[in-house]
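As a plain string of letters, each chain reads:
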Amino acid sequence: QVQLVESGGGLVQAGGSLRVSCAASGRTFSRYSMGWFRQAPGKEREFVAVVGGSGLRTYYADSVKGRFTISRDNVKNTVYLQMNSLKLEDTAVYYCAAGPWSTVVIEYNYWGQGTQVTVSS
């Protein structure tokens, strides 16, 4: 009963910044932890970041820690991923997901369609 729509992807040069957003439907947004995952061609979908329902608890993959920031606005029913100091290896389709406090893809209940982030040299 949760629908998620990502936006904000695009082309950015290495070292640059981009913010992607995920808008959720309904009025129960704050009951879910929200995760960001990414998938590059030929690769498994991998965990990026998660934020708890209140927005106070966060956890990041080692590959993005210190560069990316996850946040949420429970009034707007939106979760964000601010990506700084982007690297070529950050190129992927970025997906948001709603579910439990988890880093595991199969534990999440709802997924968006994804937004492409391409980092160029």
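Residues numbered from 1 in each chain as written. Predicted model: local features only at pLDDT ≥ 70, side-chain atom pairs only at ≥ 80, totals over all residues. Heavy atoms only, no water.

1. Quick notes on unusual backbone geometry
Here's step 1: Located in the positive-phi region is Asn 77, a residue other than glycine, with phi close to 55°.
Here's step 2: Its location among the elements puts Asn 77 in the loop between strand E7 (68–73) and strand E8 (78–83).
Here's step 3: Non-glycine residue Ser 85 carries a positive phi angle of around 50°.
Here's step 4: Among the secondary structure elements, Ser 85 is positioned in the loop between E8 and strand E9 (92–99). (Helix = DSSP H or I, 4+ residues; strand = E, 2+ residues; numbered from the N terminus.)

2. Describing the environment of Thr 28
Here's step 1: On the secondary structure map, Thr 28 appears in the loop between strand E3 (18–24) and strand E4 (33–39).
Here's step 2: Assessed through its relative accessible area of 26%, Thr 28 is described here as partly exposed.
Here's step 3: Placed 77 residues apart in sequence, Thr 28 and Val 105 show a C-alpha to C-alpha distance of 21 Å. (Buried < 20%, exposed > 50% of the residue type's maximum accessible area, 1.4 Å probe, protein only.)

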